[in-house]
Every structure is written in C-alpha cells, then in structure tokens.
Amino acid sequence: MTNDYILIKKSSPLNGTVEILGAKNAVLVIMTSLILTDGVSVLENVPNNADVQLMIKLLQDLGALVEFDVREKSMRVDTSGINAYEVKPEIMNKMRASILVMGPLLARFGKAKVAFPGGDLIGLRPINYHLEGFKQLGVSVQLSDLFVEVQLSTSQPPYTRIALEYPSVGATENLLMFASLGNNETVIINAALEPEVLDLIAILQKMGAHIQILPGAIIIIKGVGRLKPVHHTIVPDRLEAGALLLATAITGGSLTIPNARPDHLDVFLDKLKKMGHHITTGFDCAERIPQGITLRATQHPQAISIKTGPYPGFPTDLQPSMMAALCLAEGTSTIEETVYENRMLHTKELAKMGAQITVNGTIATIRGVEALYGCDVIASDIRASCALVLAGFVAFGQTKMTGVHHWKRGYDQLEVKLSALGGNIQLIHEELNVSENQKIAQTLPS
Ligand code: EPU
C-alpha cells in the first residue's frame with residue numbers, strides 16, 4: 001500500500017502557455033459507446049487518469065482488447081471479442097461512470113447486470129432517470145440491494161418520447177447509446193447538452209447513428225441496425241482548462257491555453273471577467289470554431305456571486321476551485337450549488353487554511369480575507385482536490401494534501417503542468433512498510 005500526498009508551497013504567479021488534454025467525462029462515456037460496435041476503434045487525445053485505467057479494465061473484463069499508448073495519448077479498442085454483459089461490483093463501486101455501460105450492453109445483448117453504483121460524498125446520485133427512461137423504452141428493470149438487472153422485453157414501442165425531469169448527463173448518455181441501435185425512434189426532451197454529451201453524439205454519428213438535436217434541448221434518435229468502429233479525437237477538457245485558468249487567476253499570473261474552447265466555458269469566463277481578470281479568446285478560422293483562451297489576472301480580484309447549473313450554466317465541477325479563488329477576493333461572495341446536495345465539503349478544509357466561509361444548506365458565503373495559511377488538508381472528491389491545490393499556491397507556508405487518489409482519478413499529471421508554469425507543487429509517493437500496512441488492513445471492513 002502507498003501513502004501518497006501532494007505538497008504545495010506558496011508560489012509566484014503562474015505564467016506561460018499550456019495545452020489541455022481530452023475531457024475525462026467525454027472519454028469515459030465514449031469508451032463505453034464502443035460496445036455498440038464490432039471491431040477496432042481508435043481514440044486520440046485520451047488523458048491517462050485513474051478513471052480511464054479503470055474503464056480499460058472494465059472493457060477488458062467484458063472481452064475487449066485495449067491498447068493505450070500513454071505517450072501518444074492514443075487508445076485502440078477492439079470490441080469484437082466482447083462476450084459478457086455483467087460488470088463486477090469491485091469495478092462499479094470505484095467509479096460511478098461505469099453505470100454508462102448499461103445502455104450499450106442492453107443494445108448489444110438485450111440485457112445487462114451491473115452492481116448498484118451507490119452514492120458518494122458529494123451526493124446520493126441515484127440512477128432513477130436512467131431506469132425510468134429504459135422502462136419507457138420497453139426494458140424490464142430488477143433491483144436488488146447490490147445489483148441492477150435490465151432486460152429487453154419482447155415488444156418495444158416503435159416511438160417513445162422521454163421527458164427528463166432534470167437534464168441528467170448520465171441518463172441522457174445512457175438513453176442515447178441504447179436508442180442508437182435498433183428499429184425504433186426515441187425523443188429525449190430536456191436532454192443534457194454538455195460538451196461531453198455533444199462529443200458522444202459526434203462519435204455516435206461517425207459510427208452511423210441517426211441523431212438530431214432540436215432547439216429546446218430535444219434529441220431525436222432513429223435507431224439503426226449496425227454501428228461501425230471509428231477514429232475519434234476527444235474534445236478538450238473544459239474542466240482542466242478551468243483549473244489552469246483559476247490557478248493562474250489566484251496567483252496573479254498570465255496564461256494562454258491555445259486549444260481550450262471558450263464556447264464551452266462562457267458563464268465561467270464571464271464570472272472571471274466580473275472578478276476583474278482580463279480574458280481574451282480566439283477563433284480557429286479553418287475549423288470555424290472558437291478556440292484559445294488567454295487570462296491576465298488582476299491583482300485585486302473582486303467578490304462575485306455564482307449559481308451552478310446544468311450546461312450552459314456555471315459548471316458544478318469548477319465550483320470548488322472557484323471558491324478557493326474567491327477566498328482572497330475583495331468583498332463577500334456567494335456560491336449556490338444546485339447540482340449536488342452535498343458539494344461543500346471543501347469549505348471545511350479551506351476554513352482550516354484561514355478562509356472565512358459560512359455554509360447554509362447549499363449556499364456558501366465567502367468573506368474575502370487577506371491571507372491563507374498552509375496546513376494539512378484532506379481532499380474529499382476530484383474537484384475538491386483541485387480547490388485545495390489552488391489554495392495551497394497562495395497560502396503562506398506549506399500545504400500537505402492527502403486523498404490524492406481523487407486527484408489522480410480526474411487529472412493526468414496536472415501537477416506536472418502546474419509546476420512547469422511556476423507552481424510549487426510536488427506529488428510525493430510513499431510506500432508504507434509492512435507494519436503500517438497491517439495497521440491499515442485492520443481498519444478496513446472484511
Ligand atoms: N440525478 C438524479 N437521478 C438520476 C441521475 C442524476 O437524481 O437518475 C441527480 C444527481 O444525483 C445529481 C444531478 O442529478 O445531483 C446531476 O447528475 P447527472 O446525471 O447530470 O451527472 P452524472 O452523469 O452523474 C456527470 C459527470 C460529473 C458532473 C455531472 C454534472 C461523468 C462521468 N460525471 O455526472 O462529473 O459533475 O455530470 O455535470 O460524466 C467530476 O468529473 O468530478 C464529476 C462529478
């Protein structure tokens with residue numbers, strides 16, 4: 001066993017130019033979508049993080065052959081040998097994104113059995129919208145304490161309209177993948193349209209799926225008999241871009257990300273401008289897409305108010321890092337978290353560092369302070385780990401962050417990029433000796 005931690009020290013302003021990798025939340029679902037095909041697909045710009053490694057294992061367990069060239073960021077997936085429709089609980093329990101195999105397995109085998117993913121620290125995260133949607137499409141659902149089993153019934157409705165109560169990213173993705181294969185027409189109303197969902201739609205269309213997006217967040221899917229393997233480059237990670245921009249903003253530096261998509265971060269960039277930061281964005285004339293973001297930080301950031309929401313609203317996954325940046329802004333800021341019921345755990349850790357934050361339900365009020373102070377902190381989820389690293393860059397002294405597995409789940413060596421830009425950050429890998437391992441083993445459930 002290891003005891004990894006990240007050491008962060010007060011840093012000078014971050015400066016430079018850096019490229020971002022493909023989005024974790026796009027590549028994970030795209031990897032599951034390959035189950036819909038039979039043959040070899042190639043994915044480019046794939047980040048190497050712990051969740052991607054776990055998804056590789058999941059696909060291999062089902063019978064796929066996966067080769068990941070980590071240096072080239074290129075992944076080759078041969079799905080022709082997939083012959084299983086059950087996912088082991090030990091994989092399901094480690095990563096909620098594994099629920100996204102359900103739609104593709106149902107489409108391929110007419111059935112799927114997966115362990116119930118359960119809740120996590122940031123919220124209960126039920127899967128009722130996924131299951132209600134499947135039921136409307138003629139799927140029977142059986143729940144036990146541990147497992148969810150789904151099976152296609154003999155008769156499927158030729159035309160189904162599914163109105164999602166909330167534009168759930170995962171439910172939209174699962175239903176999209178399932179509906180892409182078959183003879184039926186499905187309409188999803190109030191669908192999620194996050195850039196990662198659009199990237200999934202792009203790869204499904206390359207496979208031969210008939211998908212149309214109508215105004216008002218409506219997606220129409222006309223099932224086809226076969227989907228073919230593809231070559232696809234993963235959309236740049238707006239959350240990695242957001243993390244790098246906030247690290248630059250908090251340290252008072254200057255950064256250009258040539259391959260970031262400003263149109264994926266409109267509300268976030270607007271909030272950075274309201275804080276006083278100078279933002280410029282570019283446009284790729286050949287591709288005809290907005291591309292490139294430069295931030296020049298103000299030395300006097302101002303307090304702002306934000307409310308998280310589904311895309312194109314302020315991304316919940318950037319809320320913790322934005323909160324870290326607001327700890328040192330002039331005035332009083334408020335953050336309302338509307339996506340998750342419990343995504344405020346980082347506030348306690350930031351408070352240990354000297355931040356003045358009060359939380360009332362899902363609303364945090366942040367009174368800007370003159371300084372933060374380094375101490376030992378614990379990351380509770382992927383995005384909380386990023387917030388604590390950013391706070392560490394401006395805190396006097398040294399911050400030691402444990403819970404590093406969360407950091408490794410979401411980011412591909414982001415510490416190396418931050419360090420190259422001037423951040424004082426080091427990931428320390430510590431092997432535990434035998435007696436320490438035994439002590440930990442005794443505390444684990446049998
Ligand atoms: N929800 C339900 N019922 C459902 C599905 C969702 O009540 O059937 C609730 C959830 O509990 C949550 C809210 O709806 O409170 C949003 O959930 P959604 O389904 O939209 O999110 P997700 O698909 O579970 C993805 C990302 C998350 C990101 C959210 C929102 C992946 C693998 N995960 O989760 O990413 O926060 O969308 O944008 O795509 C992260 O990367 O750190 C992360 C948590």
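Because the structure is a prediction, the values reported are computed rather than measured.

**A closer look at the overall build of the protein**
Within the protein one finds 15 helices and 26 strands. Overall, the C-alpha framework of the protein stretches about 65 × 60 × 45 Å when taken along its three principal axes. By the burial criterion, 54% of the 446 residues in the protein qualify as buried. Of all intrachain contacts in the protein linking residues separated by at least 6 positions in sequence, the fraction that spans at least 24 positions is 72%. Of the roughly 18,500 Å² of accessible surface on the protein, a fraction of 51% belongs to carbon and sulfur atoms.

**Considerations on the pairing of strand 13 (residues 218-222)**
Sheet analysis places strand 11 (residues 185-189) next to strand 13, joined by five bridges and oriented antiparallel. Considered in strand 13, the bridge of Val187 is made with Ile220. In this sheet, strand 13 lies alongside strand 12 (residues 210-214) in antiparallel orientation, the contact comprising five bridges. Its bridge partner being in strand 13, Gln212 is matched across the sheet by Ile220. Following strand 12, the chain reverses through three residues before pairing antiparallel with strand 13; Gly216 in that reversal takes a positive phi of roughly 90 degrees.

**Thoughts on the site of the ligand**
Neighbouring the ligand are 19 residues; Asn128, Ser168, Val339, Tyr340 and Arg383 lie closest to it. Within the side chain of Asn25, an N or O atom sits 3.0 Å from an oxygen atom of the ligand. One of the side-chain nitrogen or oxygen atoms of Arg383 is found 2.7 Å away from an oxygen atom of the ligand. With the chains in place, 88% of the 830 Å² that the ligand exposes on its own is no longer accessible. Every element with two or more residues in the shell around the ligand is listed here: helix 1 (24-33), helix 5 (128-136) and helix 6 (169-180). Per-element tally for the shell around the ligand: the top contributor is helix 5, with three residues. When the residues that make up the shell around the ligand are grouped by side-chain class, the tally is eight nonpolar, six polar and five charged. Of the domains in this structure, domain 1 (2-20 + 236-434) and domain 2 (24-233) are the two that each give at least three residues to the shell around the ligand.

**Details of the sheet that holds strand 4 (residues 65-69)**
Across a sheet, strands are paired by hydrogen bonds formed along the backbone, either parallel or antiparallel in direction. Pairing is mixed across the open sheet formed by four strands, whose spatial order is 4-5-3-14. Edge strands, defined here as strands with exactly one partner in the open sheet, are strand 4 and strand 14 (231-233). Sheet twist, expressed as the average angle between the axes of neighbouring strands with direction ignored, equals 15 degrees. Note that strand 3 (residues 40-44) and strand 14 share three bridges and pair parallel. Note that in strand 14 the partner of Glu44 across the bridge is Thr233. Along the sheet, helix 2 (residues 50-62) contacts strand 4 and strand 5 (74-78); its crossing angle with strand 4, the most-contacted strand, is approximately 155 degrees.

**Some thoughts on the sheet that holds strand 25 (residues 398-402)**
Sheet architecture is open: four strands sit in the order 23-25-1-26, paired in mixed fashion. The sheet is open, and its two edges are formed by strand 23 (376-378) and strand 26 (424-428), each paired on a single side. Within the sheet, the average angular offset between the axes of one strand and its neighbour, ignoring direction, is 20 degrees. The pairing of strand 1 (residues 5-9) with strand 25 spans four bridges and is classified as antiparallel.

**Considering the domain arrangement of the protein**
As assigned here, the protein comprises domain 1 (2-20 + 236-434) and domain 2 (24-233). Using only C-alpha atoms to locate each centre, domain 1 and domain 2 end up separated by 30 Å. Tallying the contact residues gives 23 residues for domain 1 and 22 residues for domain 2. Approximately 1,800 Å² of surface area, both sides summed, lies buried where domain 1 meets domain 2, with 49% of it carried by carbon and sulfur atoms. Of all residues in domain 1, Tyr340, Arg409 and Asp412 bury the most surface against domain 2, accounting for 31% of the area lost on that side. At the junction of domain 1 and domain 2, the tally comes to three salt bridges. Salt-bridge contacts for Arg409 lead to Asp51; the nearest nitrogen and oxygen are separated by 2.8 Å. Elements with a minimum of two residues in the side of domain 1 that touches domain 2: helix 8 (238-251), helix 12 (382-394) and helix 13 (404-410). Among the elements that make up the side of domain 1 that touches domain 2, the one with the highest residue count is helix 13 (three residues). Of the residues in the side of domain 1 that touches domain 2, the class split is nine nonpolar, four polar and 10 charged.

Basis of the calculations
Residues numbered from 1 in each chain as written. Predicted model: local features only at pLDDT ≥ 70, side-chain atom pairs only at ≥ 80, totals over all residues. Heavy atoms only, no water. Helix = DSSP H or I, 4+ residues; strand = E, 2+ residues; numbered from the N terminus. Buried < 20%, exposed > 50% of the residue type's maximum accessible area, 1.4 Å probe, protein only. Contact = heavy atoms within 4.5 Å. Areas by Shrake-Rupley, 256 points an atom, 1.4 Å probe, with all protein chains shown as cover. Pairing = 2+ DSSP bridges. Near = heavy atom within 4 Å. Polar contact = N/O pair within 3.5 Å; in protein donor to acceptor, adjacent residues only side chain to side chain. Nonpolar A, V, L, I, M, F, W, Y, C, P; charged D, E, K, R; others polar. Domains from an automatic or database assignment. Axes fitted to C-alpha atoms, helices over the stretch in contact; angles between N-to-C directions. Buried area = accessible area lost by both parts, 1.4 Å probe. Salt bridge = Lys/Arg side-chain N within 4 Å of Asp/Glu carboxyl O.

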